[in-house]
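# Residue-level structural notes
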Amino acid sequence: KLLTCQQDKVGALLSGLFEVLPEPFLAVFEFNEMELMLGGVANIDVEDWRRNTTWNGIEAGRNVKEWFFAIIKGWNHETR
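Residues numbered from 1 in each chain as written. Predicted model: local features only at pLDDT ≥ 70, side-chain atom pairs only at ≥ 80, totals over all residues. Heavy atoms only, no water.

### Side note on the pattern of salt bridges
When charged atoms on two side chains of opposite charge get close, those side chains can pair. The final tally for this structure, using the stated rule, is 3 salt bridges. Close ionic contact of K73 with E47 constitutes a salt bridge, the shortest N to O distance being 2.5 Å. Placement of K73 in helix α5 (residues 62–74) and of E47 in helix α4 (residues 46–51) is noted, with a sequence separation of 26 residues between them. Across the pair D48 and R51 runs a salt bridge whose closest N-O atoms are separated by 3.6 Å. One end of the pair is D48 and the other is R51, both in helix α4 and 3 residues apart, which spans about a single turn. The partly exposed category is assigned to D48, whose relative accessible area is 34%. Since its relative accessible area comes to 53%, R51 is described here as exposed. (Salt bridge = Lys/Arg side-chain N within 4 Å of Asp/Glu carboxyl O. Helix = DSSP H or I, 4+ residues; strand = E, 2+ residues; numbered from the N terminus. Buried < 20%, exposed > 50% of the residue type's maximum accessible area, 1.4 Å probe, protein only.)

The structure is reproduced here in structure tokens:
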């Protein structure tokens, strides 16, 4: 019964999803790969993030970059 009462909602969700990402494209992925693409990684590597960040228009306030990552490092994984 739960499946049948949600069938319209799931159908609408899939219809919208397939408008953005065609079904054949999605069919090549396993569920865990889709989960990673949609939700990202559970633990963010702050040093990797810092190394791979490009900044536009913040060169004059270079300390802002250091402050930003110092704050991020201080957060737990859930908050990040």
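### Quick notes on the packing of aromatic side chains
Applying the stated criterion across every chain, the model contains 6 aromatic pairs. When the ring of W49 is compared with that of F69, the centres are 5.6 Å apart and the planes differ by 90°; the resulting orientation is edge-to-face. With W49 in helix α4 and F69 in helix α5, the pair connects residues that are 20 residues apart, well separated along the chain. When its relative accessible area of 32% is taken as the criterion, W49 is described as partly exposed. Under the relative-accessibility criterion, F69 is labelled buried at 4%. Ring centres of W55 and F69 lie 6.2 Å apart, and the angle between their planes is 85°; on these two criteria the pair is classed as edge-to-face. Residue W55 is located in the loop between α4 and α5, and its partner F69 is located in helix α5; the two are separated by 14 residues in the primary sequence. A network of ring pairs unites the aromatic residues W49, W55, F68 and F69 as a single cluster. (Phe/Tyr/Trp six-rings, centres within 6.5 Å; stacked < 30°, edge-to-face > 60°.)

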